[in-house]
Amino acid sequence: MTIFHSLNTSASALTAQRLRMDVIASNMANVDSTRDKFVNGEWQPYRRKSVSFQPREGQFSSMLNAAMGKTNKGSAGYGVKVSRINEDTETPFKLIFDPSHPDANEDGYVEMPNVDPLREMIDLMSATRSYEANVTVLNANKSMLMKALEIGR
């Protein structure tokens, strides 16, 4: 474990939360996009995306094993990484009646993206709070390192 280990852990969390905020912003920007992908000869609306996180390779399991006494080596976590960006294929598209829309079907309905702006705002608030908490941890770590340097004077 290096002196910068805790800073690297916080930095990985900041990077992950920033990507989460970018994906949420993309969802909000495409809330009215009726043409995103061309599938089976027709355009599909935008599908909501979400981010999945996972601990960096094998580190959580080593901490868990150390906590359970299975190994003598215990180490702090090494942060988080984005495992993938998922498309929401479970939630159906919203149907809006607008016969004048160029993408309306023969019944006059338009398939709109499965993005719920309220849900996106809640996710954005959560991501923002997580980001702020990690900035606070980063600043606390930096402060402790500076105090440690002052001791050596």
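Helix and strand content of the protein: three helices and six strands. Counting from the amino terminus, helix and strand elements in the protein follow one another as α-β-β-β-α-β-β-β-α. The burial tally for the protein puts 21% of its 153 residues in the buried class. Contacts in the protein between residues at least 24 apart in sequence constitute 67% of all its contacts with a sequence separation of at least 6. As displayed, the protein offers around 10400 Å² of accessible surface, 57% of which is attributable to carbon and sulfur atoms.

All told, the structure shown has six salt bridges when counted by the stated rule. Arg-48 serves as the salt-bridge partner of Asp-123, at 2.7 Å between the closest nitrogen and oxygen. On the criterion of sequence distance, the pair formed by Asp-123 in helix α3 (residues 117–151) and Arg-48 in the loop between β2 (42–44) and β3 (49–55) is long-range, its members being 75 residues apart. Across the pair Glu-87 and Lys-49 runs a salt bridge, and its minimum N-O distance is 3.5 Å. Of this pair, Glu-87 sits in strand β4 (residues 80–87) while Lys-49 sits in strand β3, and the two are 38 residues apart along the sequence.

The next point concerns the packing of helix α1 (residues 5–29) against α3. The N-to-C vectors of α1 and α3 enclose an angle of 160°; their axes lie 9 Å apart at closest approach. Relative to α3, α1 is oriented roughly antiparallel. Judged by the twist between their axes, the crossing of α1 over α3 is left-handed. Its residues assigned to classes, the contact of α1 with α3 shows 15 nonpolar, nine polar and five charged.

Mapped onto the elements of the fold, Ser-10 is located in helix α1. Judged by relative accessible area, Ser-10 falls into the buried class, the value being 3%.

The next point concerns the side chain of Asn-141. Summarising the element assignment, Asn-141 is placed in helix α3. For Asn-141, the contacting residues outside a window of four places in its chain are Ser-6, Leu-7 and Ser-10.

Thresholds applied
Residues numbered from 1 in each chain as written. Predicted model: local features only at pLDDT ≥ 70, side-chain atom pairs only at ≥ 80, totals over all residues. Heavy atoms only, no water. Helix = DSSP H or I, 4+ residues; strand = E, 2+ residues; numbered from the N terminus. Buried < 20%, exposed > 50% of the residue type's maximum accessible area, 1.4 Å probe, protein only. Contact = heavy atoms within 4.5 Å. Areas by Shrake-Rupley, 256 points an atom, 1.4 Å probe, with all protein chains shown as cover. Salt bridge = Lys/Arg side-chain N within 4 Å of Asp/Glu carboxyl O. Axes fitted to C-alpha atoms, helices over the stretch in contact; angles between N-to-C directions. Parallel < 35°, antiparallel > 145°, perpendicular 65-115°, else oblique. Left-handed = near helix turned anticlockwise from the far one by under 90°. Nonpolar A, V, L, I, M, F, W, Y, C, P; charged D, E, K, R; others polar.

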